[in-house]
Number of protein chains: 2
Amino acid sequence: MAKIAPLSGFPEFLPEHRIVELHVLDTVRRIFELHGFAPLETRSVEPLEQMLRKGEIDKEVYVLRRLHAEEDAGAGPVAGQQLGLHFDLTVPFARYVLQHAGQLEFPFRRYQIQKVWRGERPQDGRYREFTQADIDIVGRETLAFHHEVEVALVMAEVFGALPIPRATLRVNNRKLAEGFFLGLGATDSAAALRAIDKLDKVGAAGVADMLVRDAGLTAAAAERCLELAAITTSDTGFAAQVRELGVDHPLLDQGIDELTAVVGAAHARRPGAVVADLRIARGLDYYTGTVYETVLDGYENLGSICSGGRYDALASDGRTTYPGVGISLGVSRLLVPLLADGAIDASRSVPTCVLVAVADEEHRDTSERVADLLRARGISTEVAPSAAKFGKQIRHADRRGIPFVWFPDPVGTGSVKDIRSGDQVEADPATWSPPPEDLRPTVRSVAHAVTPPEESHP
Amino acid sequence: MAKIAPLSGFPEFLPEHRIVELHVLDTVRRIFELHGFAPLETRSVEPLEQMLRKGEIDKEVYVLRRLHAEEDAGAGPVAGQQLGLHFDLTVPFARYVLQHAGQLEFPFRRYQIQKVWRGERPQDGRYREFTQADIDIVGRETLAFHHEVEVALVMAEVFGALPIPRATLRVNNRKLAEGFFLGLGATDSAAALRAIDKLDKVGAAGVADMLVRDAGLTAAAAERCLELAAITTSDTGFAAQVRELGVDHPLLDQGIDELTAVVGAAHARRPGAVVADLRIARGLDYYTGTVYETVLDGYENLGSICSGGRYDALASDGRTTYPGVGISLGVSRLLVPLLADGAIDASRSVPTCVLVAVADEEHRDTSERVADLLRARGISTEVAPSAAKFGKQIRHADRRGIPFVWFPDPVGTGSVKDIRSGDQVEADPATWSPPPEDLRPTVRSVAHAVTPPEESHP
């Protein structure tokens, strides 16, 4: 049979890498739960017409069809509605909030860690199936600003707890940007925002042209916008720099105050974890306050690994509007490159801490009893698959990184060997414990040749 | 806007039910890992032609199509192969083993907890999207019999640890059944097995007809087969009952020995958890040894909630054959009815143990500091979303089942109130801890009116 090739865009891990991924997911979940976010999981599919309301990425949806669906009903879908795999966790969450509003307490805080799918052409760092970890806080009619500070701090805490290179949340505020553009006389502040979003792609001169052509700004005003976009500080110093540009608008004042609150609180609690970066635009139109992106040191080419923002209308049923703030960590986007680089690894490829040797098949029961005693105290244990020579049993453990091999004696105790050091001691399976660091596989950040960039504080 | 209806066949939970599901999934994972099963996750899609080899459920596959896929290439799929969502975790695992055989150590033990999809018409207890939790042990060329005992005991341990009604593994052996049919002179033992599998649907007389017509048995021999299928014992007593039927065949002897080993070991370690049930056939052809089904007390109408068996060729690349034994727990099939019945619930709808009250917005920082101190010691904590009257803040906690509300004072300590009892004590957030049972939501089996059936031991 031909060798089985992987499917491009659908990453899969070996067990030792899945152990790393589970460690990351467990850490993320633990911190989300510490902050009182409730767990939620939505179905993987949504009706197609609901997903396409946010028209921007309709090309990327996978549509489902039953293989043997009856097609006699003509051109239309059989069951009356077509289903597609969700392409993010925000659209399903908004639908869920409307569907269950009567059963939820607001503000409703939820986390959601799930696969999403996008039918786009796989490129570097883009996948067709990938895992996201989202938190959102959604209110009914109103949502206090302080939650915009909160979600940034929760994600900064997640990054501090993960065995990854330094991740920096880069934060801006839509009111600040819009107020600045309006204060300069822009006729279309959304167009100005879209122009700034193109800075990486078309460069400063191209953006200046767009600002004049599309946003109704003068050449001098466009220059001010580019100066604004160049401001980045790891404390609240950005505010004075914005003021120096000499623009006035009430919305600008509010935006500066809000961004100062986010960056100031973060600076006080986790210096350097959150910086103001006034070029962050986020392409999507529906953000209305704070916006977040995240850059990973040494992996800047991945783009943002964690993004989100405030929206005044996450969902609406026509009578009630639900404002929200949320942020989404791209777990696969973060982990696949780190694992491929060997920048993060696990100490073994199995959960197993102890392999119990088997002297001969007639005494397999003796080994099983030892294993049961160890498991009863939370020690992951396997019994050797065959009564091979002990040397072979030890190699079976060694190849998978299992640190200890137990040799039972007929009375049910025996001795345990640390196969790394060769040390062997008499031990009782009812009381023996491994060193805490050996109990479970440990996940480590591997020293990396990447030089951290200079602190961007001016 | 019209009320949003749920999608039939795609179950979704409220947060308090998702907390129950996570507790179940965590328990299952913990026990799988205690027994040294390595974590694995495969992509959600497989090439359609690979999934359809096991033809039986080809009608149930969901095929993917990119919404805006170029259709100019004619009738065929654009990328050369059509993709479908996997309908179980066994087919993807078999593919994974072949793809990565060179990087795995055999026998390879893995667990896999994932969603699967089937495009069938949703009926009671059948879903279009559901979660399965599988363990498999796969060897290269050979796999020792004792693993057939092992997977049954691991699943019995899982059932013992879950807050659910009593689940009983019902076990049979293909060699026993086939040897019995051959010893009676059957010309087609597979047909005999398929006939026995129809016992529920067509009754004893119908099965007897099929045994005569399709399996080449006499009417008297068919009667023996029905007597065999009626045997069920919770210990190894089944063996003598089979012998009394007076059939002889070497394969029957081997099957009796193997089933005696499975049921005997289980009876010694967990009496009643695993029973011999000689009518268990499992429809699928590829099982070759032990087969497993599981019945939940009071929910017999669900059918088997956990099934599997031994296959001599889980996978083969033409040169090497990989025998395996596996068992699959239908997590959704088990949980959705229990949750709908209120037979299992969580003590609260959020992970939060403490809500820190806010006296006024100017002092939100004081409350945040209290929350940080509690979280630093693993206590899930939220700060009140608004500085409403304390009574309103307490109700906000109460409605979600949060047991404690903290009232900070300006020096950063304050007092903590158990809002269930009303007890309030001065406390320091750097040292106070809740009672252990309040730290996290607890998941409980709720007393149920179901009368356990009589023990089937004769």
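Residues numbered from 1 in each chain as written. Chains lettered and ligands numbered in written order. Predicted model: local features only at pLDDT ≥ 70, side-chain atom pairs only at ≥ 80, totals over all residues. Heavy atoms only, no water.

**Side note on the interface of chain A and chain B**
If you look at the interface, chain A gives 92 residues, while chain B gives 92 residues. In this assembly, chain A packs against chain B so that about 8000 Å² is buried in total across both faces, 56% of it on carbon and sulfur atoms. The interface formed by chain A and chain B includes 16 salt bridges. A salt bridge links Arg95(B) to Glu12(A); its shortest N-O distance comes to 2.8 Å. Across the chain A-chain B interface, the total number found is 35 residue pairs in polar contact (both at pLDDT 80 or more). Taken together, the residues of the side of chain A that touches chain B break down into 40 nonpolar, 21 polar and 31 charged. In terms of strand pairing, strand β3 (residues 62-66) of chain A meets strand β3 (residues 62-66) of chain B through five bridges, oriented antiparallel. (Contact = heavy atoms within 4.5 Å. Buried area = accessible area lost by both parts, 1.4 Å probe. Salt bridge = Lys/Arg side-chain N within 4 Å of Asp/Glu carboxyl O. Polar contact = N/O pair within 3.5 Å; in protein donor to acceptor, adjacent residues only side chain to side chain. Nonpolar A, V, L, I, M, F, W, Y, C, P; charged D, E, K, R; others polar. Pairing = 2+ DSSP bridges. Helix = DSSP H or I, 4+ residues; strand = E, 2+ residues; numbered from the N terminus.)

**Thoughts on the side chain of Arg333(A)**
Structurally, Arg333(A) is set in helix α11 (residues 331-340). Put simply, Arg333(A) is tucked away with no salt bridge, and the nearest opposite charge, on Glu120(A), sits 6.7 Å away. (Buried < 20%, exposed > 50% of the residue type's maximum accessible area, 1.4 Å probe, protein only. Lys, Arg positive; Asp, Glu negative; His and termini not counted.)

**Topic: a positive patch on the surface**
Residue and element names in this part refer to chain A. Together, Arg126, Arg194, Lys198 and Lys201 line one region of the surface with positive charge. With respect to the helices and strands, lysine 201 occurs in helix α7 (residues 199-215). On the basis of relative accessibility, which here comes to 74%, the residue lysine 201 falls in the exposed class. (Patch = residues over 30% accessible without salt bridge, like charges linked within 9 Å, V, L, I, M, F, W, Y side chains within 5 Å. Areas by Shrake-Rupley, 256 points an atom, 1.4 Å probe, with all protein chains shown as cover. Charge placed at Lys NZ, Arg CZ, Asp CG, Glu CD.)

**What about the packing of aromatic side chains?**
For the structure shown, the criterion picks out 21 aromatic pairs over all chains. Seen in terms of ring centroids, Phe390(A) and Phe407(A) are 4.9 Å apart; in terms of plane orientation they differ by 65°. Their pairing is edge-to-face. Of this pair, Phe390(A) sits in helix α13 (residues 390-398) while Phe407(A) sits in strand β16 (residues 404-407); the two residues are 17 residues apart in sequence, bridging distant segments of the chain. On the numbers, 5.6 Å between centres and 75° between planes, the contact of Trp406(B) with Trp432(B) is edge-to-face. Pair noted here: Trp406(B) is in strand β16 (residues 404-407) and Trp432(B) is in the loop between β18 (424-426) and α14 (436-439), with a separation of 26 residues, a long-range link. (Phe/Tyr/Trp six-rings, centres within 6.5 Å; stacked < 30°, edge-to-face > 60°.)

**Some remarks on the side chain of Gln132(A)**
All names here are of chain A. Positionally, glutamine 132 belongs in strand β6 (residues 129-138). Judged by relative accessible area, glutamine 132 falls into the buried class, the value being 10%. Setting aside its immediate chain neighbours within four residues, glutamine 132 contacts Asp88, Leu89, Gln112, Ile113, Gln114, Val116, Ser328, Leu329 and Val331.

**Section: the relation of the copies chain A and chain B**
Mapping chain A onto chain B is achieved by rotating through 180° and translating by 0.0 Å along the same axis, at an RMSD of 0.0 Å. On this basis, the relationship between the two copies can be described by a two-fold rotation axis. The C-alpha atom lying nearest the rotation axis in chain A is that of Leu64(A); the distance is 2.5 Å. (Least-squares fit on C-alpha atoms with pLDDT ≥ 70 in both.)

**What to know about the pairing of β16(A)**
Residue and element names in this part refer to chain A. Because side chains alternate across β16, one face comprises the buried residues Phe404 and Trp406, and the other comprises Val405 and Phe407, equally buried. The sheet contact formed by strand β14 (residues 354-356) and β16 spans three bridges and is parallel. Within the sheet, the bridge partner assigned to valine 354 lies in β16 and is phenylalanine 404. Alignment of β16 against strand β17 (residues 415-418), held across four bridges, turns out to be antiparallel. When the bridges of β17 are listed, valine 405 appears paired with lysine 417.

**A short note on the pattern of salt bridges**
The final tally for this structure, using the stated rule, is 62 salt bridges over all chains. When the shortest N-O distance is used, the salt bridge between Glu41(A) and Lys115(B) registers 3.1 Å. Linking Glu41(A) in the loop between β1 (38-39) and β2 (45-47) with Lys115(B) in strand β5 (residues 108-117), this pair reaches from one chain into another. In this pair, the class of Glu41(A) matches that of Lys115(B), namely buried. Its salt-bridge partner being Asp312(B), residue Arg310(B) comes within 3.1 Å of it at the nearest N-O pair.

**Concerning the sheet that holds strand β7 (residues 167-173) of chain B**
All names here are of chain B. The nine strands are arranged β1-β5-β6-β12-β11-β10-β7-β9-β8 in an open sheet whose pairing can be described as mixed. In this open sheet, the two strands that pair with only one neighbour each are β1 (38-39) and β8 (232-233). Contacting β7, β9 (274-277) and β10 (290-296), helix α10 (residues 250-269) crosses the sheet at an angle of about 160° to β7. (Axes fitted to C-alpha atoms, helices over the stretch in contact; angles between N-to-C directions.)

**What to know about the packing of helix α5 (residues 174-183) of chain A against helix α10 (residues 250-269) of chain A**
When two helices pack together, their arrangement is given by the angle between their axes and by how far apart the axes lie. All names here are of chain A. Look at α5 against α10: their axes get within 7 Å of each other, and the N-to-C directions meet at 155°. When the axes of α5 and α10 are compared, the pair comes out roughly antiparallel. With respect to the hand of their crossing, α5 and α10 are arranged in left-handed fashion. Between α5 and α10, the residues in contact are Lys175, Leu176, Glu178, Gly179, Phe180 and Leu182 and Leu251, Leu252, Gln254, Gly255, Ile256, Glu258 and Leu259, respectively. (Parallel < 35°, antiparallel > 145°, perpendicular 65-115°, else oblique. Left-handed = near helix turned anticlockwise from the far one by under 90°.)

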